[in-house]
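Architecture at a glance
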Amino acid sequence: MLLRLPTSLSEVRRCLADGAVPVGGATLVWAQWQRDGFPEQAMSLRRLPRATVVDAETLGAAVLLHQVDDRVPEVLRRAAASVGTGAVRRTATVGGNIVGSALRCLLPPALVLDARATVMDGDGTYEAELAEVVAKRPLMLDIRWRRPLVSGYHKAPGAAGGPPPLVVATAVHAEEDGGRRLFTAVRDGDEAVSGSVPATADAGRVLDALEGTALGGLPGPAWDVVRREVTDVLGRADA
């Protein structure tokens, strides 16, 4: 297998045209390749500057999970730190987690940050909704978001090899009209659902409004965690 390491977007396009298979740390595909056979060509973005950015509003797809630090919002940092073991986090990438993984621990945080992805196909780069990224699995270069006023993350304990643990992500954003908006996303099982409502000082009313979104169908135990996390993030937003 030939591993290609492009350093420019034009090189990335050539790799895609040549049929190179995008990989991050290959943590999710190595066992499959050993079983089914290795591709002729693979491509890593770890030498592409655009895919290795870490700052207050951007996270590159080739960034390793252990490199996600306090330059990014709390919700993303805590999510990255919760993935696997230290050895996994030193190999797995942001793009691999969001696009390649079935668990997608970073997806709920990205949703509450109102993030969009920069992706590439044979015609060039474009901005995409996260739902499109998850469904179509294009080559992702980075995610960009609005900086929140405050954010939070909860991941329930889970056994190795067991069902995906519950994930609840929250964030409060300032609105252009001077108000605030609460974003909440939950991974319960294999699916992630999200909703957003005005963030007022009355946590009870905010939670009532959230029940009118896609989150309203969550089972009782998951909703109990949502209630606790939303109350906490609203309290910190008012502090």
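Here goes a summary of the coordinates provided. The numbering scheme is per chain: residues are counted from 1 as the chain's sequence reads. Residues qualify for local features only when their pLDDT is at least 70, as the model is predicted, and side-chain atom pairs are given and counted only at 80 or more; totals for whole chains, interfaces and linings, by contrast, use all residues. The basis for the side-chain values is all heavy atoms of the structure; hydrogens and waters are excluded.

**Overview of the sheet that holds strand S4 (residues 58-60)**
In this scheme, strands are said to pair when DSSP sees at least two bridges between them. Going along the chain from the N terminus, every DSSP run of H or I of four or more residues is numbered as a helix, and every run of E of two or more is numbered as a strand. Across the sheet, four strands lie side by side as S4-S7-S5-S6; this open sheet has antiparallel pairing. Bordering the open sheet on either side are S4 and strand S6 (124-128), each of which pairs with just one other strand. Averaged over all neighbouring strand pairs, the angle between strand axes comes to 25°, with direction disregarded. Bridging between strand S5 (residues 116-121) and strand S7 (residues 139-144) involves five bridges; their strand directions are antiparallel. Across the sheet, residue Ala-117 finds its bridge partner in S7, namely Ile-143. Lying over the sheet, helix H1 (residues 9-17) contacts S5, S6 and S7, oriented at roughly 60° with respect to S5. Orientation is described by axes fitted as lines to C-alpha atoms, over the contacting stretch for helices, and by angles from 0 to 180 degrees between their N-to-C directions. By the convention used here, residues are in contact when the closest approach between their heavy atoms is within 4.5 Å.

**Considerations on the environment of Ser-101**
By the secondary structure assignment, Ser-101 is in the loop between helix H5 (94-100) and helix H6 (107-112). For Ser-101, a relative accessible area of 8% corresponds to the buried category. The sequence separation of Ser-101 and Leu-141 amounts to 40 residues, and the corresponding C-alpha distance is 16 Å. Per-residue accessibility, obtained with a 1.4 Å probe over protein chains only, is compared with the maximum for each type, and a residue is labelled buried under 20%, exposed over 50%, and partly exposed between these values.

**Comments concerning the nonpolar core**
Among the nonpolar cores identified, the biggest contains 37 residues, and Leu-59, Val-94, Leu-106, Met-140, Ile-143 and Trp-145 are the most heavily contacted of them. At the level of elements, helix H3 (74-81), H5, H6, S5, helix H7 (130-136), S7, strand S9 (167-174) and strand S10 (180-188) are the ones that each hand at least two residues to this core. Looking at this core, the element that brings in the most residues is H3, giving four residues. Among buried residues, those of type Ala, Val, Leu, Ile, Met, Phe, Trp, Tyr and Cys that are joined through side-chain atoms within 4.5 Å constitute a nonpolar core. In this structure, Val-168, Leu-215, Trp-223 and Val-225 belong to the second largest nonpolar core, which totals 20 residues.

**Points about the pattern of salt bridges**
The rule for a salt bridge is simple: a side-chain nitrogen of Lys or Arg has to be within 4 Å of a carboxyl oxygen of Asp or Glu. For the coordinates displayed, the defined rule picks out 15 salt bridges. One salt bridge in this structure joins Arg-146 and Asp-114, with 3.4 Å as the shortest N-O distance. Pair noted here: Arg-146 is in the loop between S7 and strand S8 (150-155) and Asp-114 is in the loop between H6 and S5, with a separation of 32 residues, a long-range link.

**Concerning unusual backbone geometry**
Of note in this structure, Asp-114 is not a glycine but carries a positive phi near 55°. Exposure remark for Asp-114: the relative accessible area of 37% places this residue in the partly exposed category. At Arg-137, a residue that is not glycine, the phi angle is positive and equals roughly 55°. Looking at the element boundaries, Arg-137 is found in the loop between H7 and S7.

**Some details on H3**
Taken together, the buried positions of H3 are occupied by Val-75, Leu-76, Ala-79 and Ala-80. Buried residues in H3, looked at end-on, bunch into an arc of 125°, giving them a common side. Residues of H3 that are buried in the fold lie against S4, helix H4 (86-89), H6, S8 and S9. This arc is taken over the directions from the axis of the helix to the C-beta atoms.

**Focus: helix H9 (residues 220-238)**
An expected span of 1.5 Å times one less than the residue number is assigned to each helix. Relative to the 27 Å expected for 19 residues at 1.5 Å per residue, H9 spans 27 Å between its end C-alpha atoms, a close match to the ideal helical length. Looking at H9, one finds that the buried residues are Ala-222, Trp-223, Val-225, Val-226, Glu-229, Val-230, Val-233 and Leu-234. One face of H9 carries all of its buried residues, which in axial projection span an arc of 160°. Buried-residue contacts for H9 involve S8, S9, S10 and helix H8 (203-210).

**A word on the packing of H8 against H9**
Between H8 and H9, the least distance of the axes is 10 Å, while the angle of their chain directions is 135°. By the angle between their axes, H8 is oblique relative to H9. H8 and H9 meet at a crossing whose hand is right-handed. Residues Ala-203, Val-206, Leu-207 and Leu-210 of H8 form the contact with H9, whose own contacting residues are Trp-223, Val-226, Arg-227, Val-230, Thr-231 and Leu-234. Residues are grouped as follows: nonpolar covers Ala, Val, Leu, Ile, Met, Phe, Trp, Tyr, Cys and Pro; charged covers Asp, Glu, Lys and Arg; every other residue, Gly included, is treated as polar. By residue class, the composition of the contact of H8 with H9 is eight nonpolar, one polar and one charged. Each angle receives one of four descriptions, namely roughly parallel if under 35 degrees, roughly antiparallel if over 145, roughly perpendicular if within 65 to 115, and oblique otherwise. Put simply, a crossing is left-handed when the front helix is turned counterclockwise from the back one by less than a right angle, and right-handed when it is turned clockwise.

**Side note on the environment of Ala-160**
Here Ala-160 is to be found in the loop between S8 and S9. On the basis of relative accessibility, which here comes to 85%, the residue Ala-160 falls in the exposed class.

**As for the pairing of strand S3 (residues 41-44)**
Here S3 shows two buried faces, one formed by Gln-41 and Met-43 and the other by Ala-42 and Ser-44. As judged from the three bridges shared by strand S1 (residues 2-4) and S3, these two strands associate in the parallel manner. The residue of S3 that forms the bridge with Leu-3 is Ala-42. Across three bridges, the pairing between strand S2 (residues 21-23) and S3 is parallel. Among the inter-strand pairings, Val-21 is bridged to a residue of S3, identified as Ala-42.

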